[in-house]
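Here is what each chain is made of, one letter per residue.
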Amino acid sequence: MRVIASSIRKGNVIEQDGKLYVVLSAENIHPGKGTPVSQIEMRRISDGVKVSERYKTTDQVEKATVEERNFTYLYEDGDGYHFMNPETYDQVQVSKDFVGSSAPYLQESMTVKLLMHDATPVAMQLPQRVTLEVVDTEPVTKGQTASSSYKPAMLSNGVRTQVPPHITVGTRIVVMTEDGSYAERAKD
């Protein structure tokens with residue numbers, strides 16, 4: 001299926017020169033003068049080589065046909081990450097490179113979408129938000145207003161992020177998985 005380059009997003013799978021690539025990042029750049037371009041960073045699925053391509057935003061790109069399936073995350077071991085199809089109970093194992101920067105956000109029994117191409121997992125999509133606990137942060141400074149600044153915090157998954165001043169150690173917060181940013185205080 002051919003689509004315009006500006007519609008490509010992170011996690012999409014595109015086909016180029018007979019090879020499949022998973023998109024790691026896609027950015028549309030609009031310079032002051034000149035043609036707008038789409039800067040796409042992708043990883044070749046067959047051998048893991050990273051490639052960076054620039055397309056005019058109106059160029060046609062071949063989007064590979066992939067099937068999106070829900071899988072449940074089971075565990076991680078020396079071989080990689082293990083997922084299970086909740087309908088068939090089939091297990092799939094993927095490498096640490098496959099999961100990449102998403103690894104800290106994986107939680108036991110979490111449902112993730114695996115994009116499958118001919119029964120082979122080619123990309124993974126996490127839920128947009130996860131709930132994590134703040135394990136370390138600075139105490140509130142008197143006179144600091146809530147709107148003025150954020151303070152650094154360490155989360156239970158080992159990721160550092162910025163949180164509002166009223167967040168204390170032990171507070172559960174909702175974090176965006178795409179960039180690790182604070183979204184809100186958890187409702188539970």
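Residues numbered from 1 in each chain as written. Predicted model: local features only at pLDDT ≥ 70, side-chain atom pairs only at ≥ 80, totals over all residues. Heavy atoms only, no water.

## Quick word on the overall build of the protein
Now for step 1: Of the regular secondary structure elements, the protein holds one helix and 16 strands.
Now for step 2: Oriented by its inertia axes, the alpha-carbon framework of the protein measures out at about 60 × 55 × 25 Å.
Now for step 3: Looking at the protein as a whole, 38% of its 188 residues are labelled buried.
Now for step 4: Within the protein, contacts between residues separated by at least 24 positions form 42% of all contacts whose residues are at least 6 apart in sequence.
Now for step 5: Accessible area for the protein stands at about 11000 Å²; split by element, carbon and sulfur atoms hold 47% of it. (Helix = DSSP H or I, 4+ residues; strand = E, 2+ residues; numbered from the N terminus. Buried < 20%, exposed > 50% of the residue type's maximum accessible area, 1.4 Å probe, protein only. Contact = heavy atoms within 4.5 Å. Areas by Shrake-Rupley, 256 points an atom, 1.4 Å probe, with all protein chains shown as cover.)

## Description of the sheet that holds strand β5 (residues 50-56)
Now for step 1: Taking strand neighbours across the sheet as the criterion, the six strands line up as β1-β6-β2-β3-β4-β5 in an open arrangement whose pairing is antiparallel. Strands at the two margins of the open sheet, each flanked by one partner only, are β1 (2-4) and β5. Across the sheet, the mean angle from the axis of one strand to that of its neighbour is 50°, orientation sign disregarded.
Now for step 2: Relative to β5, strand β4 (residues 37-44) is paired through seven bridges, and the arrangement is antiparallel. Bridging across to β5, V37 finds its partner in K56. (Pairing = 2+ DSSP bridges. Axes fitted to C-alpha atoms, helices over the stretch in contact; angles between N-to-C directions.)

## Some points on the layout of surface pockets
Now for step 1: Roughly 720 Å³ of internal volume is contained in the largest pocket.
Now for step 2: For the largest pocket, the lining is made up of 26 residues, of which K10, G11, S102, M124 and E178 are closest to its centre.
Now for step 3: Residue assignment for the lining of the largest pocket shows that the elements contributing at least two residues are β3 (19-29), α1 (96-99) and β11 (120-125).
Now for step 4: Among the elements that make up the lining of the largest pocket, the one with the highest residue count is β3 (five residues). (1 Å grid on protein atoms, 1.4 Å probe; cavity = no way out; pocket = protein on both sides within 12 Å on 5 of 7 lines; lining within 4 Å. Points joined across faces, edges and corners; volume = space filled by probe spheres on them.)

## Observations concerning the side chain of Q16
Now for step 1: Structurally, the position occupied by Q16 is in strand β2 (residues 13-16).
Now for step 2: Among the polar contacts made by the side chain of Q16, one reaches the side chain of Y55 at a distance of 2.4 Å. (Polar contact = N/O pair within 3.5 Å; in protein donor to acceptor, adjacent residues only side chain to side chain.)

## Concerning the packing of aromatic side chains
Now for step 1: With the rule as written, the count across this model stands at three aromatic pairs.
Now for step 2: Measuring from ring centre to ring centre gives 5.5 Å for Y73 and F83, while their planes differ by 55°; the resulting arrangement is tilted. Residue Y73 is located in strand β7 (residues 67-77), and its partner F83 is located in strand β8 (residues 80-84); the two are separated by 10 residues in the primary sequence.
Now for step 3: In this structure Y73 comes out as buried when scored by relative accessible area, which is 8%. (Phe/Tyr/Trp six-rings, centres within 6.5 Å; stacked < 30°, edge-to-face > 60°.)

## Re unusual backbone geometry
Now for step 1: A positive phi angle is found at D17, which is not glycine, with a value near 55°.
Now for step 2: Tracing the backbone shows D17 in the loop between β2 and β3.
Now for step 3: Of note in the backbone geometry, S109 takes a positive phi value of approximately 70° without being a glycine.
Now for step 4: Note on placement: S109 falls in the loop between α1 and β10 (111-117).
Now for step 5: Judged by relative accessible area, which is 53%, S109 ranks as exposed.

## A look at the sheet that holds strand β15 (residues 172-176)
Now for step 1: The antiparallel open sheet is built from five strands, whose spatial order is β14-β13-β12-β15-β16. One side of each edge strand has no neighbouring strand; the edge strands of this open sheet are β14 (160-163) and β16 (182-185). In this sheet, adjacent strand axes meet at a mean angle of 50° when their direction is disregarded.

## Description of the pairing of β8
Now for step 1: Counting buried residues in β8 gives five out of five residues, a clear majority hidden from the surface.
Now for step 2: The loop that links β7 with its antiparallel partner β8 comprises two residues.
Now for step 3: Two strands pair when backbone bridges link them, and β8 and strand β9 (residues 91-94) are joined in this way by four bridges, in the antiparallel orientation. Its bridge partner lying in β9, Y81 is registered against V94.
Now for step 4: Between β8 and the antiparallel strand that follows it, β9, lie six residues; Y89 among them carries a positive phi value of about 60°.

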